Amino acid sequence: MALYSDKVMDHFQNPRNVGRMEDADGIGEVGNAKCGDIMRMYIKVDPETQIITDVKFNTFGCGSAIATSSMATELIKGKPISEALKLSNKAVVEALDGLPAQKIHCSVLAEEAVRAAVKDYFDRHGIPYGDELKACDGHCDTCGHEHA
Amino acid sequence: MALYSDKVMDHFQNPRNVGRMEDADGIGEVGNAKCGDIMRMYIKVDPETQIITDVKFNTFGCGSAIATSSMATELIKGKPISEALKLSNKAVVEALDGLPAQKIHCSVLAEEAVRAAVKDYFDRHGIPYGDELKACDGHCDTCGHEHA
Amino acid sequence: MNIYADNAATTAVSKTALTAMMPCFQEVYGNPSSLHSPGQRAAEKLASAREIFARHLNAQPREITFTSGGSEADNQALRSAAALGARKGKKHIISTKFEHHAILHTLQALEKEGFEVTLLDIPPDGVVTAEQVKAAIRPDTCLVTVMFANNEIGTIQPIPEIGQVCREAGVLFHTDAVQAAGHLPIDVEAMHIDMLSLSAHKFHGPKGVGVLYARRGIPLENVIYGGAQERGKRAGTENIPGICGAAAAFDEACVSMEENAAYLTPLRDKLIAGLTAIPHTVLNGDPVRRLPGNVNLCFEGIEGESLLLLLDAKGIAASSGSACTSGSLDPSHVLLALGRPHEVAHGSLRLTFSEYNKPEEIDYMLEVIPKIVSYLREMSPVWDELEKGQRPHLI
Amino acid sequence: MNIYADNAATTAVSKTALTAMMPCFQEVYGNPSSLHSPGQRAAEKLASAREIFARHLNAQPREITFTSGGSEADNQALRSAAALGARKGKKHIISTKFEHHAILHTLQALEKEGFEVTLLDIPPDGVVTAEQVKAAIRPDTCLVTVMFANNEIGTIQPIPEIGQVCREAGVLFHTDAVQAAGHLPIDVEAMHIDMLSLSAHKFHGPKGVGVLYARRGIPLENVIYGGAQERGKRAGTENIPGICGAAAAFDEACVSMEENAAYLTPLRDKLIAGLTAIPHTVLNGDPVRRLPGNVNLCFEGIEGESLLLLLDAKGIAASSGSACTSGSLDPSHVLLALGRPHEVAHGSLRLTFSEYNKPEEIDYMLEVIPKIVSYLREMSPVWDELEKGQRPHLI
Ligand SMILES: Cc1ncc(COP(=O)(O)O)c(C=O)c1O
Ligand SMILES: Cc1ncc(COP(=O)(O)O)c(C=O)c1O
C-alpha cells in the first residue's frame with residue numbers, strides 16, 4: 001500500500017512489544033476514543049540504573065497509530081529514562097521512513113504516550129519533574145505542543 | 001450524414017434544374033450573402049395557359065438551401081402559376097422528408113424565391129397582384145411571414 | 001484469495017461496456033458537433049446512448065444531459081433548481097444529513113449565496129420519511145433533494161412517497177441516484193422525480209461519465225460554459241467512448257437487475273448474520289430496505305483504518321467511514337447522523353458487492369474478519385476497558 | 001480515399017494512449033481515494049500521470065489539476081482568477097475577441113456578476129501583440145487570458161512576451177493552450193504563465209480529460225463541489241483510464257513534437273500554396289506563425305457548409321466557420337474578428353492535420369477541392385454577380 005512506507009507497514013502488521021504488562025512501573029495513556037486513537041504504554045524501569053528494561057503498548061487507532069506505538073517502544077526499550085524523555089515525534093517519523101502529512105499526529109501521540117508513562121512512573125515513585133512533562137489533556141485539538 | 005435525410009442529400013448532391021436561364025419570363029432573388037444564403041429562381045411561363053414550363057435556380061448557401069431550391073423547382077415545374085403561389089415551405093420540407101429545425105429557414109427562402117419570381121413575371125407583364133406577394137426584404141431577421 | 005468488496009466506491013468496467021467503448025477510440029473518433037461523416041457517426045452514437053438512458057428511466061432523450069460524473073450532475077441539478085427558485089423569490093432547500101458531499105458541499109456554497117438549507121435528521125433505521133419532508137416544506141421551498149440510496153449504509157429512501165409529497169406541494173424534487181441507478185428500478189414518472197443524478201462507474205460503466213435527468217421545462221444552469229454541446233447546457237467535447245460505455249453498462253445493469261438482486265441479497269444477508277454474531281457488533285441501516293450489495297457494520301473497540309489495512313493484507317478490499325481514512329478527525333457524517341457515537345463510528349466497515357463477487361468470497365470473509373476483529377480488540381486499550389467494565393458498552 | 005482533416009476538432013486516440021488506458025478498465029480499476037491495494041495502485045497511476053504533465057510543462061505535480069476537459073479547465077481558471085481579483089477589489093479582465101467560447105461565455109457570465117471585460121481586437125495577421133495587452137492593463141486588472149494558438153485559424157500568439165508584460169504589471173496570466181499543448185513547446189516558467197488549460201483529445205489522447213495548471217499559491221475555486229479529490233478543488237471520482245491515456249498521449253506528443261512539426265509544416269505550406277492559387281481565395285491568419293497542421297481559407301462566392309458536405313462525399317472530413325454549421329446566422333466570430341466581411345466569412349474552410357495524415361492526402365485534396373469550389377461557384381448567384389462586376393470582389 002503506497003500510503004505508508006514499508007517500515008510503517010512492517011510495524012503495523014508485526015507490531016513489536018504489543019500487549020498488556022501486569023506489573024508495570026509506569027502506565028501512560030493518551031488520546032481519546034472519540035478522536036479515533038488511544039495509546040497506552042507500559043514501562044518497566046530498573047530502579048538502580050533508571051533504564052527502561054521492558055515496554056508494552058495497547059493501541060486503538062489507525063495503521064500509523066499502531067506503527068508509531070510499536071516504533072516508539074523499540075526506540076526507548078533498553079534506554080535510560082532521560083533518553084526516553086528526549087524521544088521526539090520527529091525521531092519516530094524518521095525511524096519509520098516518513099508518515100503521510102495527515103498522520104503526523106499519530107507520532108505526536110506516541111511521543112506523548114512515552115512521556116505519560118514516565119510521568120506516571122515519576123508520580124508513583126515521588127520523583128519530581130518539571131512543567132515539560134505536563135501531559136496532553138487528551139482532547140484532539142487542544143494539544144499545545146509544537147511538533148514536526 | 002445523419003443531419004439530413006436521404007432525400008435532402010440527393011437533392012443537394014444532384015440538384016435538379018440548376019443553372020442560369022437567359023430568356024426567363026420572371027426572376028426572383030431572395031436572401032442575403034451576409035446571412036449566408038441567396039436563392040435566385042428563373043421561370044418560363046406559357047402566356048396562354050399560365051403554366052410554368054421551365055424553372056432554373058442558382059443558390060449560394062448551405063446544403064439544405066441548395067436542396068430546398070432544387071425541390072421547389074421540381075414542385076412548381078409544369079404547374080400553373082396559381083398553384084406555384086400556393087407552394088408552402090412546409091410542402092417543401094415534407095417533400096424532402098424533413099429538415100433539421102435550424103434549417104427550416106431555407107425552406108422559407110425557397111417558398112419566397114418562387115413567389116419573387118412570379119411577382120417579377122407579374123410586374124413585367126403588368127398583371128396585378130395583392131399584398132400577399134410583397135416579397136421578403138432580404139434581411140435575415142425581418143421576415144414577417146409565419147412559417148412552419 | 002483476492003476479493004474486491006468496495007463496489008460502492010467504484011466498479012470494474014464490464015465486458016459489455018468495454019466492447020461498446022472500443023470502437024470509439026480509433027474508429028468512430030469524430031467530434032459529434034462536426035458535420036462530416038466521422039462526426040455524424042459519433043453523433044449517432046451519442047443519440048443512441050441518450051435514448052438508452054431515457055428508456056430505462058422512463059424519460060425522454062432530450063431530458064438527459066451527459067456530465068463528467070455524479071458530482072457534476074449533483075452540482076448542476078442543485079444550482080439549476082436554486083437559480084429557478086431565486087427567480088421566484090424562493091430560497092429554501094430541503095435535504096438530509098446523510099447526503100453525499102457532492103450535495104452537501106454544493107448546499108454549503110448555496111448557503112453562502114443566501115439560500116437557507118434544512119437538513120433532515122436521519123432516523124435510526126437510516127430511512128428518512130415522506131412525513132419528515134412534508135413537515136419541512138415551506139412556502140419558499142424551491143427544492144427537495146434526497147438521495148435514492150445512501151452510499152455508506154445502503155439504505156433505500158422512500159422516493160415515490162417523497163416525490164408525491166413534493167409534487168403535491170409544487171416543489172421540485174431531485175434525487176442523487178448515484179448508488180441506486182442500475183441496482184434499483186427507477187421510473188421518473190411513477191416516482192415523481194423532477195431531476196436525478198447518476199454516475200456510470202457505480203454500475204460497471206467507465207469513470208468520468210454522469211447523467212443529469214431534468215424534466216422537460218426545467219431550465220438548466222451551466223456549471224461549465226462554452227460550446228453548444230448538450231443543448232448549450234454543458235460545454236465540452238463529448239466523451240463519446242465513455243458515454244457509449246456508460247449506456248451499455250446501464251442497459252446491462254437494468255436488464256439484469258432482478259437477477260443480480262436475487263443473487264446478491266442472500267449473500268448479503270448471510271454475511272450480515274455471520275458478522276453481527278461477533279459480540280458488540282451492529283449493522284448500520286435497515287436490514288431489509290438496503291441495497292442488495294451493501295453491508296455496513298460497527299465493531300466496538302477497534303478503529304476502521306487498521307481493520308481495512310489488515311483486511312487488505314488478507315486480500316480483501318473494503319472501505320470504512322473511519323475518520324482516519326479521510327484525514328479528518330470526525331468519522332463519517334453518515335454514521336454520526338445515524339446516531340452512532342464517535343467512538344463507535346470510528347470502528348466501521350463497509351463491504352459492497354456486485355454480481356462479480358462469488359459466494360465463496362463470503363465464506364472467506366466470514367472466516368477472516370472475526371479473527372482480525374479479535375486481534376485488533378486484543379491490542380486495543382479501549383476494548384480492555386470495555387471488557388473490564390471501566391467503560392460502558394455502547395453497542 | 002478517406003481523409004480525416006479535422007484534427008483541431010478532435011483526434012483519434014493513439015496506440016500509446018490506448019495501451020496506457022486498457023489496464024485501468026478491468027485490472028487497476030480501483031478508486032484512488034480508497035485505502036486498499038486496488039485503490040492505491042490507481043492512486044499511483046494518478047500520481048505518475050500528474051508527474052508527466054508537470055514535467056513537460058516545467059511545472060510541479062501539485063500545480064496540476066485534472067478536469068473533464070479544456071472547457072472545464074478554462075471555466076475554473078477564469079472563475080478562480082476572478083474570485084481572487086474580487087477579493088482584492090480588482091474586477092477587470094483582459095482577453096481577445098477570438099478566444100474559444102469556453103473563455104468568452106465564461107467571461108460573459110462574469111460580466112453579469114459585475115466584472116468588466118476588455119476584448120482585444122485581432123490584427124489582420126491573427127496575432128495579438130504584447131503591446132496591445134500592455135496598453136489595456138489597468139490598476140484594477142486581475143487577469144489577462146490570451147489563447148496560445150487559435151483553434152480556427154491556427155495563429156500562435158506571443159505568449160512569452162505577453163507573460164512578461166503581465167508579470168511586470170503583477171497581473172495573473174492565463175492561456176488557453178488547448179490547441180497548442182502537444183504541438184508547440186510550453187514552459188510555464190520561461191513563458192511566465194500563471195495558469196494554463198489543455199485538453200487531451202486534441203493530441204491523440206482521450207476525450208473527457210483536461211488539465212488546469214495553476215502556479216503554486218494561486219487558490220482555485222471549485223467549479224464542481226463534493227469529495228476531496230484534486231486537493232479538494234475538483235470533486236468527482238477520477239477518470240483514471242482517461243487520465244492515464246492523456247498522460248501517455250501528452251508524453252508521446254511532446255517527445256515527437258519537433259519531428260511532427262517538421263513533417264507537417266511542408267505539407268501545410270504545399271496545401272496553402274495550391275489552394276490559394278484558386279482565384280479570390282485568401283488564407284486566414286499569418287502563414288508562418290501558425291500551427292504546423294492548420295490551413296484555413298476563405299473562398300469568395302460560396303458557402304462553407306455546402307463545401308463541407310461535398311468534400312465529405314469525396315471522403316474528406318473538414319470543418320468550416322460558416323454560420324450554417326453552427327445553426328446561428330453569424331459566421332465564425334474568429335473570422336469576423338479577423339476583419340473578414342460576413343459574405344466572405346461564410347465561405348471558409350478549415351483543414352487540420354496530425355502526423356497521422358499522409359502526403360498523398362494533400363495531393364488528393366489539391367485535386368478535389370478546386371473542382372468543388374468551381375462547381376459551387378457555378379451554382380452561386382453571388383459568384384455570377386461577382387464575375388459580371390455587379391458586386392465588388394472583397395478578396
Ligand atoms: C482553444 C480551445 N479551447 C477550449 C476548447 C474546449 O475543449 P474541450 O472540448 O475539451 O472542453 C477547445 C476545443 O474544443 C479549443 O479548441
Ligand atoms: C451518492 C453519491 N453521490 C455522488 C457521488 C459522486 O459521483 P462521482 O464520483 O461519479 O462524481 C457518489 C460517488 O462517489 C455517490 O456515492
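Keep in mind the model is a prediction, meaning the values are calculated, not measured. (Residues numbered from 1 in each chain as written. Chains lettered and ligands numbered in written order. Predicted model: local features only at pLDDT ≥ 70, side-chain atom pairs only at ≥ 80, totals over all residues. Heavy atoms only, no water.)

Quick question: what am I supposed to make of the relation of the copies chain C and chain D here?
One copy of the chain maps onto the other through a rotation about an axis plus a displacement along that axis. In screw terms, the move from chain C to chain D is a rotation of 180 degrees and a rise of 0.0 Å along the axis, fitting with an RMSD of 0.0 Å. Both copies of the chain, as the preceding transformation shows, are related through a two-fold rotation axis. Across chain C, the smallest distance between a C-alpha and the rotation axis is recorded for S68 of chain C, namely 3.0 Å. Comparing contact sets, 98% of the residues at the interface of chain C also lie at the interface in chain D, consistent with an isologous, same-surface contact. (Least-squares fit on C-alpha atoms with pLDDT ≥ 70 in both. Contact = heavy atoms within 4.5 Å.)

Teacher, can you tell me more about the site of ligand 2 here?
Taken together, 15 residues sit near ligand 2, with S71, D176, S199 and K202 of chain C together with T237 of chain D positioned nearest. Contact distances for ligand 2 include 2.6 Å between a nitrogen atom and a side-chain N or O atom of D176 of chain C. Contact between ligand 2 and K202 of chain C: an oxygen atom at 3.0 Å from a side-chain N or O atom of the residue. About the coverage of ligand 2: the protein hides 95% of its 390 Å² of free accessible area. Its residues assigned to classes, the shell around ligand 2 shows two nonpolar, 10 polar and three charged. (Near = heavy atom within 4 Å. Polar contact = N/O pair within 3.5 Å; in protein donor to acceptor, adjacent residues only side chain to side chain. Areas by Shrake-Rupley, 256 points an atom, 1.4 Å probe, with all protein chains shown as cover. Nonpolar A, V, L, I, M, F, W, Y, C, P; charged D, E, K, R; others polar.)

Any chance you could explain the site of ligand 1 here in plain terms?
The local shell around ligand 1 holds 15 residues, among which T237 of chain C together with S71, D176, S199 and K202 of chain D are the closest. Here an oxygen atom of ligand 1 sits 2.5 Å away from a polar atom, N or O, in the side chain of S199 of chain D. One of the side-chain N or O atoms of H201 of chain D is found 3.0 Å from an oxygen atom in ligand 1. In terms of residue count, the dominant contributor to the shell around ligand 1 is helix α4 (residues 70-87) of chain D (three residues). Here the shell around ligand 1 is built from residues that sort into two nonpolar, 10 polar and three charged. (Helix = DSSP H or I, 4+ residues; strand = E, 2+ residues; numbered from the N terminus.)

Any chance you could explain the domain arrangement of chain C here in plain terms?
It is common to report an interface's size as the accessible area lost on association of the parts. Residues and elements named next belong to chain C. Domain assignment breaks chain C into domain 1 (3-9 + 257-382) and domain 2 (15-255). Facing 24 residues of domain 1, the contacting portion of domain 2 comprises 31 residues. In this assembly, domain 1 packs against domain 2 so that about 2300 Å² is buried in total across both faces, 54% of it on carbon and sulfur atoms. Among the residues domain 1 hides against domain 2, the three largest losses belong to M257, L291 and H333. Together they make up 31% of the total. The interface formed by domain 1 and domain 2 contains one salt bridge. The salt bridge partner of D125 is R289, with a shortest N-O separation of 3.0 Å. Breaking the side of domain 1 that touches domain 2 down by element, the ones donating at least two residues are β10 (294-299) and α11 (333-337). Residue classes in the side of domain 1 that touches domain 2 are distributed as 10 nonpolar, nine polar and five charged. (Domains from an automatic or database assignment. Buried area = accessible area lost by both parts, 1.4 Å probe. Salt bridge = Lys/Arg side-chain N within 4 Å of Asp/Glu carboxyl O.)

Got a minute to help me understand the confidence of the model for chain A in this structure?
Within chain A, residue pLDDT values average 89, and 89% of them lie at 70 or more. In this model, residues 136-148 of chain A is a region of pLDDT below 50 whose contacts with residues beyond four sequence positions or in other chains number 19 contacts. (pLDDT = per-residue confidence, 0-100.)

Can you help me understand the packing of aromatic side chains in this one?
Working definition: an aromatic ring pair is given by the centre-to-centre distance plus the angle between the planes. In total, this model carries 13 aromatic pairs over all chains according to the counting rule given. Here F122 of chain B and Y129 of chain B contribute two aromatic rings whose centre-to-centre distance is 6.0 Å and whose plane-to-plane angle is 25 degrees, an arrangement assigned as stacked. In this structure F122 of chain B comes out as buried when scored by relative accessible area, which is 8%. Taking the relative accessible area as the measure of exposure, Y129 of chain B reaches 32% and is therefore partly exposed. Taking the centre distance of 4.9 Å and the plane angle of 20 degrees together, the rings of F53 of chain D and F250 of chain D count as stacked. One end of the pair, F53 of chain D, is in helix α3 (residues 37-57); the other, F250 of chain D, is in helix α8 (residues 240-255), with 197 residues separating them in the sequence. (Phe/Tyr/Trp six-rings, centres within 6.5 Å; stacked < 30°, edge-to-face > 60°. Buried < 20%, exposed > 50% of the residue type's maximum accessible area, 1.4 Å probe, protein only.)

Is there a simple way to explain α8 of chain D in this structure?
Residues and elements named next belong to chain D. The terminal C-alpha atoms of α8 lie 22 Å apart, and with 16 residues this matches the ideal 22 Å at 1.5 Å per residue to within 8%. Buried residues dominate α8, accounting for 13 of its 16 residues. You can read the cap of α8 off the contacts: a side-chain oxygen lies 2.9 Å from the backbone nitrogen of G242, and it is on N239. (Expected span 1.5 Å × (residues − 1).)

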